[in-house]
Protein chains: 2
Amino acid sequence: MKVVLLSGGVGGAKLAAGLHDVLDPGALTVIGNVGDDLEVLGLHVSPDLDSVLYALAGLNDGERGWGRAGETWNALASARAWGGEGWFMLGDLDIGLHLVRSQALRAGEPLSAVTARLVEAAGLATRLVPASDDRLRTFLVTPAGTLPFQEWFVARGHRDEVDALVFEGAREARPAPGVLDALAAADAIVIAPSNPYVSIHPILAVPGIREALATRAVRCVAVSPLVGGRAVRGPLDRMLTRMAGGTTPAHVTNCYEDLLDALVIDRADAPGAGEVPVVVADTLMTDREAARRVALTTLEAAS
Amino acid sequence: MKVVLLSGGVGGAKLAAGLHDVLDPGALTVIGNVGDDLEVLGLHVSPDLDSVLYALAGLNDGERGWGRAGETWNALASARAWGGEGWFMLGDLDIGLHLVRSQALRAGEPLSAVTARLVEAAGLATRLVPASDDRLRTFLVTPAGTLPFQEWFVARGHRDEVDALVFEGAREARPAPGVLDALAAADAIVIAPSNPYVSIHPILAVPGIREALATRAVRCVAVSPLVGGRAVRGPLDRMLTRMAGGTTPAHVTNCYEDLLDALVIDRADAPGAGEVPVVVADTLMTDREAARRVALTTLEAAS
């Protein structure tokens, strides 16, 4: 059973790890969001791709919720002391990856190619593909102005309410090699429990990807990122309330218009009537075993 | 008393620190070699400038002899694990500086400007100026072929005999802003106990700098890098034997042709008759106090 997962960062990374574990080796392709990508200290950082890579490889810090376990912060402290920008947390182990990727990108290697090399270096059979090799950046329209994603999310602690999103470069972006092939070959498509607005919509904004989902011949199932109407992490509940009018399963479904055949929701959000059938489960992925259980429930709903 | 020091890496950095301590604040300008500069993992590394900066700021690792005290190596280990180049040792604290400098250079800031910012960030009154902002790279002509400096020095452990040196880009290079002004305003010029061939000659190869020394109105004193005819570190004794025919003070003097008014030599190399007067001292700078003593002896010889 070939599965494609559309994924953002942390929450999506957990489900990616769960699917990776329960599927046959090589059966999973993760299409990752690049709208959050940024340049910091001259390094190209792809936070969502890295969260997925670290989770798949078991290198992620489960307690902190982002970055690598056993991380140290000496290079960043040094950079700050020498007058460099220090607003974005980059650990030493993390920087090692960013150095390798940034060097490759500057040498002209596409993001998808260097990502494939990183996955291979980790010895993983799962494929991880950025939605696009082209520049695509998420901006938030807020009462304080239109802000780049990481300025809003990290520097300003996502305190500004969001009225709309802009995916700069999306219209001209092409799906990265392998994205449309994987979708065409998939036996099931899964949308991760990521923030629809900032993690999944930028993927769907790449011309061809939404169309591939809309014309699919297989089932597409999303896992709701809400538990009891609240986001597990981050500002999603506030965004849904303001932009969609509420935080029920139906409000999540509406984020994906007509793309879903089912929505996996948490018991706390049941019964959750809406336009698509819901599957009720314990969706909180507190550890890898829990992620495998959510993955199995999701695959069942997608079969 | 305004002093200009021409300096390579470690040995020169020690004398730079000694001069910095014994001179009035702001009286010292160090002109640093850039022939050893390299790009590694996409970072611009200036080993000699950094050795001087770290020594001046008291951040250097005295035992290891290069790099920073309290250094960690996590980013490099990570980069290697992700398939990145790992032949050049870069510590996490060191990488913090390289990130700041590389980002500035890519944004178009000249090396001299970012170096000045780094010196300022360290709170130092001494000026540190690269010989040139232009690209100048040292190559070694060896029986194994012509090798870039760091490939010869680090990757091959300077095991190849050297027949000649090539300073690529030197002819087109211009002295960095402040270099000729500092030399013109100096009350004394000092050549550090660095390797003449790979550390000082690349500085002198920048058009205008050798001429400024040759037409100086003040004294120019070198400190011999030899102790008992041997290099304290590195391959200088082998290079002198092969290219100059010996390792006496006279052979060191000959490396600087007619630029010297005196040579400070170690007791182990006395009496050291040659074309210029010698001053005998304990030149081994085992700690900062020893460096201050060598600095005072050198300044006396330069007055």
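Here is a short report on the structure shown in this document. Owing to the predicted nature of the structure, the values given are computational and were not obtained by experimental measurement.

## Let's talk about the packing of aromatic side chains
A full pass over the atoms with the stated rule returns 12 aromatic pairs over all chains. Ring geometry for A:Phe149 and A:Trp152: centres 5.8 Å apart, planes at 65°, overall edge-to-face. Placement of the pair is A:Phe149 and A:Trp152 together in helix H6 (residues 149–155), with a separation of three residues, close to one helical turn. Exposure class is identical for A:Phe149 and A:Trp152. Each is buried. By the ring-pair criterion, three or more aromatic residues cluster together here, those being A:Phe149, A:Trp152 and A:Phe153. Across from the ring centre of A:Tyr54, 5.6 Å away, lies the NZ or CZ of A:Arg68, which sits over that ring. The ring of B:Trp66 has B:Arg64 lying over it, and the distance from NZ or CZ to the ring centre is 4.9 Å.

## Quick notes on the pattern of salt bridges
All names here are of chain B. A full pass over the atoms with the stated rule returns 30 salt bridges over all chains. Of the charged contacts in the structure, one is a salt bridge between Arg288 and Asp21, with a shortest N-O distance of 2.8 Å. A residue pair is termed long-range when its members are at least 10 positions apart, and Arg288 in helix H12 (residues 288–302) and Asp21 in helix H1 (residues 10–22) qualify at 267 residues. In this structure, Arg238 and Glu161 form a salt bridge, with 3.5 Å as the shortest nitrogen-oxygen distance. Residue Arg238 is found in helix H10 (residues 236–243), and its partner Glu161 is found in the loop between helix H6 (149–155) and strand E8 (164–168); the two are separated by 77 residues along the sequence. By relative accessible area, which is 27% here, Glu161 ends up partly exposed.

## Points about the interface of chain A and chain B
Taken together, the 28 residues of chain A in the interface contact 28 residues of chain B. Both faces considered, chain A and chain B share a buried interface measuring about 2,300 Å² in area, 66% of it formed by carbon and sulfur atoms. Looking at the side of chain A facing chain B, the largest losses of area belong to A:Trp82, A:Leu99 and A:Gln103, adding up to 33% of the total buried there. Where chain A meets chain B, there are zero salt bridges. At the junction of chain A with chain B, the criterion picks out six residue pairs in polar contact (both at pLDDT 80 or more).

## A few points about helix H8 (residues 196–204) of chain A
Residues and elements named next belong to chain A. In terms of residue burial, H8 counts as a mostly covered element, since nine of its nine residues are buried. Buried within H8 we find Pro196, Tyr197, Val198, Ser199, Ile200, His201, Pro202, Ile203 and Leu204. Residue Asn195 occupies the N-cap position of H8, its side-chain oxygen lying 2.9 Å from the main-chain nitrogen of Tyr197.

Rules and cut-offs
- Residues numbered from 1 in each chain as written.
- Chains lettered and ligands numbered in written order.
- Predicted model: local features only at pLDDT ≥ 70, side-chain atom pairs only at ≥ 80, totals over all residues.
- Heavy atoms only, no water.
- Phe/Tyr/Trp six-rings, centres within 6.5 Å; stacked < 30°, edge-to-face > 60°.
- Helix = DSSP H or I, 4+ residues; strand = E, 2+ residues; numbered from the N terminus.
- Buried < 20%, exposed > 50% of the residue type's maximum accessible area, 1.4 Å probe, protein only.
- Lys NZ or Arg CZ within 6 Å of the ring centre and 35° of its normal.
- Salt bridge = Lys/Arg side-chain N within 4 Å of Asp/Glu carboxyl O.
- Contact = heavy atoms within 4.5 Å.
- Buried area = accessible area lost by both parts, 1.4 Å probe.
- Polar contact = N/O pair within 3.5 Å; in protein donor to acceptor, adjacent residues only side chain to side chain.

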